[in-house]
Amino acid sequence: MVTSLPNSSLEASTGKKKALKENILTPRFYTTDFEKAANLDYSAQDEELQAMLAEMRADYNRHHFTRDEEFNQSWEHITGEARQAFIDYLERSCVSEFSGFLLFKELSRRLKARNPLLAEIFNLMARDEARHAGFLNKAMGDFDCAMDLGYLTKHRVYTFFPIEWVIYTVYLSEKIGYWRYIIIYRHLEKHPENQFYPLFRYFESWCQDENRHGDIFKALLRSQPKLWKTWQSRLWSRFFLLTVFATHTLTVHERAGFYRLLGLAPTEFDAEVIRKTNETAARAFPSVLNTEHPEFFKRLHCCRELNVKISEIDNSSQPKWLKALRKLPLQLSIIGHLLRIYLIKGIDAEALRGTVR
Ligand SMILES: [Fe+2]
Ligand SMILES: [Fe+2]
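Draft legend 1. Quick look at the overall build of the protein. In terms of helices and strands, the protein carries 13 helices and seven strands. A compact globule built from 357 residues would reach a C-alpha radius of gyration of about 21 Å, and the protein, at 20 Å, matches this within 12%. Across its three principal directions, the C-alpha atoms of the protein cover 55 × 50 × 40 Å. In the protein, buried positions account for 39% of the 357 residues.

Draft legend 2. Geometry of the nonpolar core. Core analysis: the biggest nonpolar cluster contains 84 residues, and I121, M140 and I167 have the highest contact counts within it. In terms of residue count, the dominant contributor to this core is helix α3 (residues 80-111) (13 residues).

Draft legend 3. Focus on unusual backbone geometry. Positive phi is not limited to glycine here, since D59 has a value of about 50 degrees. Position of D59 relative to the elements: it lies in the loop between α2 (46-58) and α3. Its 13 C-beta neighbours within 10 Å are what place D59 among the partly exposed residues. The backbone phi angle of D144 is positive, close to 60 degrees, even though this residue is not glycine.

Draft legend 4. Quick peek at the environment of F296. Here F296 shows up in helix α11 (residues 294-314). Taking the C-alpha atoms as reference, F296 lies 9.2 Å from Y342; in sequence the two are 46 residues apart. Contact partners of F296, with chain neighbours within four places excluded, come to L289, N290, T291, I341 and I344.

Draft legend 5. Geometry of the environment of H64. Mapped onto the fold, H64 is located in the loop between α2 and α3. A sequence separation of 51 residues divides H64 from N115, and the C-alpha atoms of the two residues are 30 Å apart. Contacts of H64, omitting those with residues within four sequence positions, involve Y202 and S205.

Draft legend 6. Looking closely at the packing of α11 against helix α12 (residues 320-342). At a minimum axis separation of 9 Å, α11 and α12 run at an interaxial angle of 170 degrees. Taken as axis vectors, α11 and α12 run roughly antiparallel relative to one another. Regarding α11 and α12, the two cross each other, and that crossing is left-handed. In this structure, α11 contributes E295, F296, R299, L300, C302, C303, L306, N307, K309, I310, I313 and D314 to the contact, and α12 contributes K323, R326, K327, L330, Q331, S333, I334, H337, L338, R340 and I341. Residues that form the contact of α11 with α12 fall into these classes: eleven nonpolar, four polar and eight charged.

Draft legend 7. The packing of helix α6 (residues 163-190) against helix α10 (residues 266-281), seen in detail. Two elements in contact, α6 and α10, have axes whose closest approach is 9 Å; the angle formed by their N-to-C orientations is 135 degrees. Between α6 and α10, the angle is such that the two are oblique. Seen along the crossing, α6 lies across α10 with a hand that is right-handed. Note on element contacts: α10 touches α6 through F269, E272, V273, K276, T277, T280 and A281, opposite L172, K175, I176, W179, R180 and I183. Residue composition of the contact of α6 with α10, by class: seven nonpolar, two polar and four charged.

Draft legend 8. Expanded view of the confidence of the model for the protein. Looking at the protein as a whole, the pLDDT averages 90, with 92% of positions reaching at least 70. Summarising per-element confidence for the protein, the mean pLDDT is lowest in strand β1 (residues 11-13) (41) and highest in strand β6 (residues 287-288) (98). Contacts of residues 1-19 to residues separated by more than four positions or lying in other chains number 65 contacts, the stretch itself having pLDDT below 50.

Draft legend 9. Representation of the environment of I310 within the structure. With respect to the helices, strands and loops of the structure, I310 is situated in helix α11. Given 20 C-beta atoms within 10 Å, I310 falls into the buried group. I310 sits 163 residues away from M147 along the chain, and the two C-alpha atoms are 27 Å apart. Not counting residues within four places of it along the chain, the set of residues in contact with I310 comprises K327, L330 and Q331.

What counts and how
Residues numbered from 1 in each chain as written. Chains lettered and ligands numbered in written order. Predicted model: local features only at pLDDT ≥ 70, side-chain atom pairs only at ≥ 80, totals over all residues. Helix = DSSP H or I, 4+ residues; strand = E, 2+ residues; numbered from the N terminus. Rg over C-alpha atoms; globule rule 2.2 N^0.38 Å. Buried ≥ 20, exposed ≤ 12 C-beta atoms within 10 Å, placed from the backbone. Core = buried A, V, L, I, M, F, W, Y, C linked by C-beta atoms within 7 Å. Contact = placed C-beta atoms within 7 Å. Axes fitted to C-alpha atoms, helices over the stretch in contact; angles between N-to-C directions. Parallel < 35°, antiparallel > 145°, perpendicular 65-115°, else oblique. Left-handed = near helix turned anticlockwise from the far one by under 90°. Nonpolar A, V, L, I, M, F, W, Y, C, P; charged D, E, K, R; others polar. pLDDT = per-residue confidence, 0-100.

Right under this line is the structure:
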């Protein structure tokens, strides 16, 4: 789950109390119209959902999230910018996982009476996300900080998304999460010398949880013809792909220090995650982006450069009004680039269905 949340409600605690720097890339908490979610007819994908429930019940990762002895050592040798970049990575990942937990838990609670099948599936997804968040939180403990999840639960601020948007965005966050975890895992398999902390060894089975969660949301999406059979759904699909990819690309480059620590080139990692997620999304979405178009990564790259300038202004000591004034043309320019990417002719995934791997 990826997503944003106001700074005031986000504080890491124990040892060092620290607040996560807030910007548009900060993970968010979502809420939706639960009444509408309960009233939708999911029967078109009943068989698929039953199969997914059986997989979720099987709980393949029941014993996976147990810390082994490799964690029991000092991590003080990871210092400076690298340490900060890694803590930032852990924090945001933890909040994303936790926001998934809260959303799935609430969906489960609200659907219990009317759709026991989905209620159980959401409950089991919440189980997985709680494990993921907890595991990351323990990792943060190794670096003298931890998220105060109790505080977050009480003070969370929600962003409202209609259920249709939740289905598109959760599907994408689960699948992009899968690709992020597996690409890091496979890279470290080839370059074990870059495995600076044991967390990454857990990513192979971990990403299978995210993959299953994505498949569940794929079934939800395909159960609603208006989410893939209409011309509007084609526009929405590409819109959500673009917002998820833009957020991803800016986040990866804000955390470039962390990826370099892993021996991964941020630009290549970024592009591979985007290509793979876009390819995967063609199995669920009616239309996807054309990542091979020469303008696609070129313009995303421009957005990153502009975002670096925005961060520089943010970090300056200028008065707020002057910062806002200086940032405005840069922000408009980012929107311009994204709009031009959006207008690149998409790929008709319905026509490809059956041939896409
Ligand atoms: Fe997760
Ligand atoms: Fe997940």
